[in-house]
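As a plain string of letters, each chain reads:
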Amino acid sequence: MIEPHAGRPDAQPDPAWPAPELAPLREALARHYPRLAAALARVGGPPDAPAMCRLHPQQRRSMAPPLLRRGIRQIFGRPSSANDGQPGLRIRPGALAWRRTLLLALVLVPSGIAAQFMLQVLPYQGRTWLEAAIVLVFAALFGWISIGLWTSILGFMLLAGGRDRYAISRTATATAPLPPEARTAIVVPVYNEDMQAVCARLQATYESVAATGQLARFDFFLISDSQSADAWVREEAAWAALCERLDAYGRIAYRRRHGNIKRKSGNVADFCRRWGANYRYMVVFDADSVMTGEALVHLVAMMQANPRAGLIQTLPQPVGARSLFARTQQFAGHCYGRMFGAGLHFWQLGDSQFWGHNAIIRVAPFMAYCALPRLPGGPPLGGDILSHDFVESALLRRAGWQVWLAYDLPGSFEETPPTLIDELTRDRRWCQGNLQHLRLLLTDRLLPAHRFLFLNGVMSYVSALLWLIFLTLSTAQALRQAVLATNYFPTGPSLFPRWPTAEPHWALMLLAATGLILFLPKLLAILLVLLERRRRAFGGLIRLTGSVLTEIALSTLLAPVRALFHSKFVVFTLLGRHVDWQVQNRGERATRWADAFRFHTAGTLVALVWGTLVYVLDPGYFWWLLPILAALVLAVPVSVLASSPRVGAAGRRAGLLIAPPETRPLPVMTRARALAEAPAAAPADFFAALQVPAIHALHLALLGTRRKRHVPRRAAERRRLFAKARHRAQDLDGAERRAILTDPPLLAALHRHLAGRDPAPAPDRRAASG
């Protein structure tokens, strides 16, 4: 709550800019937002204090970042044993060790065998530096893709067997009433979002929780980082309209912080400092998240049953897809996602990771251990930690709190990027954040599992660069064989020549093995759908098979494009080029041809030059490269067509890429879609806060109207802004608009002028004369 300044010698308010009169504001609120006015009257408190401080009292707590020291002696850390005596799900001694040893053996042994096969394929069996580099990079890539294969196989076995003694979802049910002390905040960070869509999802979730009869245990917080003045006013109006519809003042809160320090992680930390002490748990959403009331109640019940659990991550399922690209991602998430999630759970158990949203967190340990420091140096590898979620789960686990993946919990949803360009824009930020984790690998007392997860996140982008290096080395080897004379002494002078050999059958066997690794998980997913009798949710067996083939075809076309961009992202990050925090496109905007040409032309030209050179010098090798080159050449039309909702709708009519949200939509998703597509109210913006009485009164009620101390320099700045807003309001830049919105006396004076009640405002005359 804002403290009054009266009583200090320098705290006298500026007489030229009086505080807004409260009586007209109360009248406007009572007329346009009667439930807000009634809620404020009910809770009482100082009438000039910010409304949110009165509706949701704060209990300020500190949240200091830990010192992330590096120490090689403590690289194999062990979690704190402070919580070992607590009840809850326990892992048998040795269970983690044998599972991870099994995974390590399943990855390393086949990779070594594949490297031996590659040696047989090469003409000099790895005796040249070029061939040695090819084998080394190939072995790393083969091991990388093997992790996905064995994770899917282990997940298939776990789900097909139907018995998992370590499934945390089975430790509690969603039917038992929650105790009063299990208060939970659902936290929704937003950043310049479409507020009608955000509030539609939030309302659907709110109503679903209310249907469980346990709404009294939950509060909802919209916490904003928006830096646009228009977005700020829109968010306030959307929040008030939502609360008026649901009569949810005191249950749904809104706050915008003025500086978006540390981005989303800083926004959540700001919530924790202000309101975290009021809650035992918080569920962190993204702006596109939706969860059922049963899932939320079940999550809280799991935390209650497992006092050692610090975080439980759900497996969000994609929904709301309309473009061909998004529907492909949606189908893959529903068809393959549970199997991969179960596989991750098999070898992670209580050392899982946080994905940043759709997860429940125990607030007290999160505040004690998970405030993030800034990394030394500047961006991109220094400064704010962008991929904060992996780091937060690692810090929780280091402190002795378990982190679980509830892979089998239904009712958790998210939306996917609608276009390839939107996905790559997001990946650019994720790439920089994951590469920052290289600087945290040697942090003391982190568990080996989380060090591996850091490396795994790094490899999700560096593997693309390795793939490009492998293709470049292979091309160089092929062209060398085609252009240069045969070298019978590749290792230097010798009594006996080294005859180059050609073993095409070894190459075919390697190709078949690689194809098996990539496509066997998809076959297992089809088999799992049949075993679980879910084929009708995907349109039947024939449509399911056709959908898998369609997903394979589109993924094959997009994989080289993604890899080329990911390689570029890695190189740019290592060269010191950092990324800005951009607004995500969550709508249905298709990619324009001009944007596709601008985004993909460079890759297309590289493929054309590359293919022409190889075809002229070594036509045989050209056919091996053709699938990759063709995908890069076709990137522009594929990107445009895949982004089209019309093409996505045509695929749905043909029975392709059908997923359970389309055949068996849950009520919460049907409700969210209906609310999002309802006619929108008149848009609110910066000028509405100046001119429209209802929006003006709402903004001042949320901002508070207490008079601030008089600062001469501030008075001069007020005069300048007042004059510019009166005569050239359209020329106000973003910083000036935000300054006006944060200054109640200035905003009230402008409102009186623009509303026609004060043609020559007295504050301006007094300030000019004083």
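Our subject is the structure that appears above.
Bear in mind that the values here come from a model prediction, so they are computed numbers and not experimental data. (Residues numbered from 1 in each chain as written. Predicted model: local features only at pLDDT ≥ 70, side-chain atom pairs only at ≥ 80, totals over all residues. Heavy atoms only, no water.)

Concerning the overall build of the protein chain
And step 1. For the protein chain, the helix and strand inventory stands at 28 helices and 10 strands.
And step 2. Counting all 770 residues of the protein chain, 55% fall into the buried class.
And step 3. Long-range contacts, defined here as pairs at least 24 residues apart, represent 85% of the contacts in the protein chain between residues at least 6 apart.
And step 4. Entry remark: accessible area of the protein chain is about 33,700 Å², with carbon and sulfur atoms responsible for 61%. (Helix = DSSP H or I, 4+ residues; strand = E, 2+ residues; numbered from the N terminus. Buried < 20%, exposed > 50% of the residue type's maximum accessible area, 1.4 Å probe, protein only. Contact = heavy atoms within 4.5 Å. Areas by Shrake-Rupley, 256 points an atom, 1.4 Å probe, with all protein chains shown as cover.)

What about helix 22 (residues 667–677)?
An α-helix turns once every 3.6 residues. As a result, residues three or four positions apart point the same way.
And step 1. Those residues of helix 22 lying buried are Val668, Met669, Ala672 and Leu675. Projected down its long axis, helix 22 carries its buried residues within an arc of 130°, all on one side.
And step 2. At its buried positions, helix 22 is contacted by helix 6 (195–211), strand 5 (290–291) and strand 10 (412–414). (Arc of directions from axis to C-beta.)

Points about the packing of aromatic side chains
And step 1. Here the structure, examined in full by the defined rule, presents 19 aromatic pairs.
And step 2. On the basis of an interplanar angle of 50° and a centroid distance of 5.2 Å, the ring pair of Tyr206 and Phe220 is categorised as tilted. Taken as a pair, Tyr206 in helix 6 and Phe220 in strand 2 (residues 218–224) lie far apart in primary sequence, 14 residues in all. This pair shows no difference in class: Tyr206 is buried, exactly as Phe220 is.
And step 3. Where Phe331 meets Tyr336, the ring centres are 6.2 Å apart and the plane angle is 80°; that geometry is what we call edge-to-face. Per residue, the accessibility class of Phe331 equals that of Tyr336, and both read buried. (Phe/Tyr/Trp six-rings, centres within 6.5 Å; stacked < 30°, edge-to-face > 60°.)

Here we look at the packing of helix 10 (residues 324–348) against helix 16 (residues 541–574)
And step 1. One way to put it is that helix 10 packs onto helix 16 with a least axis distance of 10 Å and a crossing angle of 115°. Considering how the two elements wind past one another, helix 10 and helix 16 form a crossing that is left-handed. Taking contact as the criterion, the partners of Leu324, Phe325, Thr328, Gln329, Phe331, Ala332, Cys335 and Tyr336 in helix 10 are, on helix 16, Leu544, Ser547, Val548, Glu551, Leu554, Leu558 and Arg562.
And step 2. Residue composition of the contact of helix 10 with helix 16, grouped by class: 10 nonpolar, 3 polar and 2 charged. (Axes fitted to C-alpha atoms, helices over the stretch in contact; angles between N-to-C directions. Left-handed = near helix turned anticlockwise from the far one by under 90°. Nonpolar A, V, L, I, M, F, W, Y, C, P; charged D, E, K, R; others polar.)

Looking at a nonpolar patch on the surface
And step 1. There is a patch of nonpolar side chains on the surface, built from Val483, Leu613, Tyr615, Val616, Leu617 and Trp623 and spanning about 630 Å² of accessible area.
And step 2. It is helix 17 (residues 593–617) that contributes the most residues to the nonpolar patch, 4 residues altogether.
And step 3. The residue Val616 is located in helix 17 in this model. (Patch = residues over 30% accessible without salt bridge, like charges linked within 9 Å, V, L, I, M, F, W, Y side chains within 5 Å. Salt bridge = Lys/Arg side-chain N within 4 Å of Asp/Glu carboxyl O.)

Quick notes on unusual backbone geometry
And step 1. Omega for the bond connecting Pro379 with Pro380 falls within 30 degrees of zero, at 10°, which places this linkage in the cis form.
And step 2. Structurally, the position occupied by Pro380 is in the loop between helix 11 (363–369) and helix 12 (388–398).
And step 3. Look at Asn358: it is not a glycine, yet its phi comes out positive at around 55°.
And step 4. By the secondary structure assignment, Asn358 is in the loop between helix 10 and strand 8 (359–362).
And step 5. At Leu657, a residue that is not glycine, the phi angle is positive and equals roughly 60°.
And step 6. By the secondary structure assignment, Leu657 is in the loop between helix 20 (645–653) and helix 21 (660–663).

Considering the sheet that holds strand 8
And step 1. In spatial order, the strands read 3-2-1-4-8-6-9; together these 7 strands make up an open sheet with mixed pairing. The open sheet is flanked by strand 3 (252–256) and strand 9 (402–406), the only strands paired with a single partner. Taken pair by pair, the neighbouring strands of this sheet meet at an average axis angle of 20°, ignoring direction.
And step 2. Bridge analysis of strand 2 against strand 3 gives 5 bridges, and the strand direction is parallel. The residue of strand 3 that forms the bridge with Phe221 is Ala253.
And step 3. In the packing of helix 9 (residues 293–305) onto the sheet, the strands contacted are strand 1 (184–190), strand 2, strand 4 (281–284), strand 6 (309–314), strand 8 and strand 9, and the crossing angle to strand 6 comes to about 150°. (Pairing = 2+ DSSP bridges.)

What about a positive patch on the surface?
And step 1. On the surface, Arg533, Arg535, Arg536 and Arg664 cluster together into a positively charged patch.
And step 2. Considering the arrangement of structural elements, one finds Arg664 in the loop between helix 21 and helix 22.
And step 3. For Arg664, a relative accessible area of 49% translates into the label partly exposed. (Lys, Arg positive; Asp, Glu negative; His and termini not counted. Charge placed at Lys NZ, Arg CZ, Asp CG, Glu CD.)

A closer look at the sheet that holds strand 5
And step 1. The 3 strands are arranged 5-10-7 in an open sheet whose pairing can be described as mixed. If you trace the sheet from one side to the other, it starts and ends with strand 5 and strand 7 (317–318), each paired once.
And step 2. Where strand 5 lies against strand 10, 2 bridges are found, and the strand directions are antiparallel. In the sheet register, Val290 faces strand 10, and the bridge partner there is Phe413.

Brief notes about the side chain of Glu662
And step 1. Among the structural elements, Glu662 can be located in helix 21.
And step 2. Residues within four places of Glu662 in sequence aside, it is in contact with Ala321, Arg327, Gln330, Arg652 and Leu657.

Quick word on the pairing of strand 8
And step 1. On strand 8, burial covers both faces: Ala359 and Ile361 on one face and Ile360 and Arg362 on the other are all buried.
And step 2. In the sheet, strand 4 pairs with strand 8 via 4 bridges, with the strands oriented antiparallel. Pairing of Tyr281 across the sheet is with Arg362, part of strand 8.
And step 3. When strand 6 meets strand 8, the two strands line up antiparallel, connected through 3 bridges. Bridge pairing in strand 8 links Gln313 to Ala359.

Some remarks on the pairing of strand 4
And step 1. Burial along strand 4 is two-sided: Tyr281 and Val283 facing one way and Met282 and Val284 facing the other are all buried.
And step 2. As paired elements, strand 1 and strand 4 share 4 bridges and run parallel to each other. When the sheet's bridge partners are listed, Thr184 is paired in strand 4 with Tyr281.

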